[in-house]
Amino acid sequence: GSIVEEVIGVVIQHPLQIVRGDPLQEPPQTQPEHTHSFAETVILEMAGEHNDIRFAKPDFEAVIFADKNRVMQIIENLINNSRKYAKTQIDVVLTQSEGCVNIHFTDYGKGIPDSDMPFIFDKFYRGKNAESEQGSGLGLYIVKYLAEKMGGKILLHNRPDRFEATVTFPKK
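Thresholds, definitions, all that
Residues numbered from 1 in each chain as written. Predicted model: local features only at pLDDT ≥ 70, side-chain atom pairs only at ≥ 80, totals over all residues. Heavy atoms only, no water. Helix = DSSP H or I, 4+ residues; strand = E, 2+ residues; numbered from the N terminus. Buried < 20%, exposed > 50% of the residue type's maximum accessible area, 1.4 Å probe, protein only. Lys, Arg positive; Asp, Glu negative; His and termini not counted. Salt bridge = Lys/Arg side-chain N within 4 Å of Asp/Glu carboxyl O. Polar contact = N/O pair within 3.5 Å; in protein donor to acceptor, adjacent residues only side chain to side chain. Contact = heavy atoms within 4.5 Å. Core = buried A, V, L, I, M, F, W, Y, C linked by side-chain atoms within 4.5 Å. Pairing = 2+ DSSP bridges. Expected span 1.5 Å × (residues − 1).

### A word on the side chain of Glu164
Next up, step 1: Structurally, Glu164 can be placed in strand β7 (residues 162-170).
Next up, step 2: Salt bridges are absent for the buried Glu164, whose nearest opposite-charge side chain, Arg159, sits at 4.4 Å.
Next up, step 3: At a separation of 3.3 Å, a polar atom in the side chain of Glu164 contacts the side chain of His104.
Next up, step 4: Contacts of Glu164, omitting those with residues within four sequence positions, involve His104, Phe105, Thr106, Leu155, Leu156, His157 and Arg159.

### Thoughts on the nonpolar core
Next up, step 1: Of all hydrophobic cores here, the largest spans 42 residues; its most connected members are Ile43, Ile74, Ile75, Leu78, Phe105 and Leu156.
Next up, step 2: At seven residues, the largest contribution of residues to this core is made by helix α4 (residues 139-149).
Next up, step 3: With residues near it in sequence (within four places) discarded, Phe105 still touches Ile75, Leu78, Ile79, Asp91, Val92, Phe163, Glu164, Ala165 and Val167.

### Side note on the pairing of strand β3 (residues 63-66)
A regular strand places its side chains so that they alternate between the two faces of the sheet.
Next up, step 1: Because side chains alternate across β3, one face comprises the buried residues Ile64 and Ala66, and the other comprises Val63 and Phe65, none of which is buried.
Next up, step 2: Direction of pairing for strand β1 (residues 31-34) relative to β3: antiparallel, over a ladder of four bridges. In the strand pairing of β3, His34 is matched with Val63.

### Looking at helix α2 (residues 35-47)
Next up, step 1: Spanning 13 residues, α2 covers 18 Å between terminal C-alpha atoms, matching the ideal 18 Å at 1.5 Å per step.
Next up, step 2: Among the structural elements, β1, β2 (53-56), β3, α3 (68-86), β4 (90-97) and β5 (100-107) are those in contact with the buried residues of α2.
Next up, step 3: Backbone geometry just after α2 places Gly48 at a positive phi near 30°.

### Some thoughts on the side chain of His104
Next up, step 1: On the secondary structure map, His104 appears in strand β5.
Next up, step 2: Setting aside residues no more than four positions away along its own chain, His104 makes contact with Asp91, Val92, Val93, Thr95, Glu164, Ala165 and Thr166.

Okay, here's the thing in structure tokens:
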């Protein structure tokens, strides 16, 4: 077979492996990481030509025990979701609380319908507001899986004028 047939075969058999590996086959490799520097780097790279991300530099430097590449994947997934569904400015803020570092992603779209919230982290689930956009229904599933594998969590909140996703990681 040709190289095209080979690539198509890999995509069909292993669709998650084309996005930085299958999270179920390659668990995160955790180590101490400085949150501010690598979070800022990936966020500014993603802002690029779009000019749609405001990153508030934190007034602290914290170390989390995480897999830098997987945290970057989480950041990319959440920013791409906001771009795809909200199509608004995205604010990213790092905060710290009791033994944790929190990364807050806020957009000013309609959020996720309340009826979708119980299922939004399910594999292949697509919300009612996703019908007009392409997607696999794996983004938030992967975000939750990776955050939890690194001892963290993700919380989603519909607010009256915005939507917020917060990923929390334990400090080292």
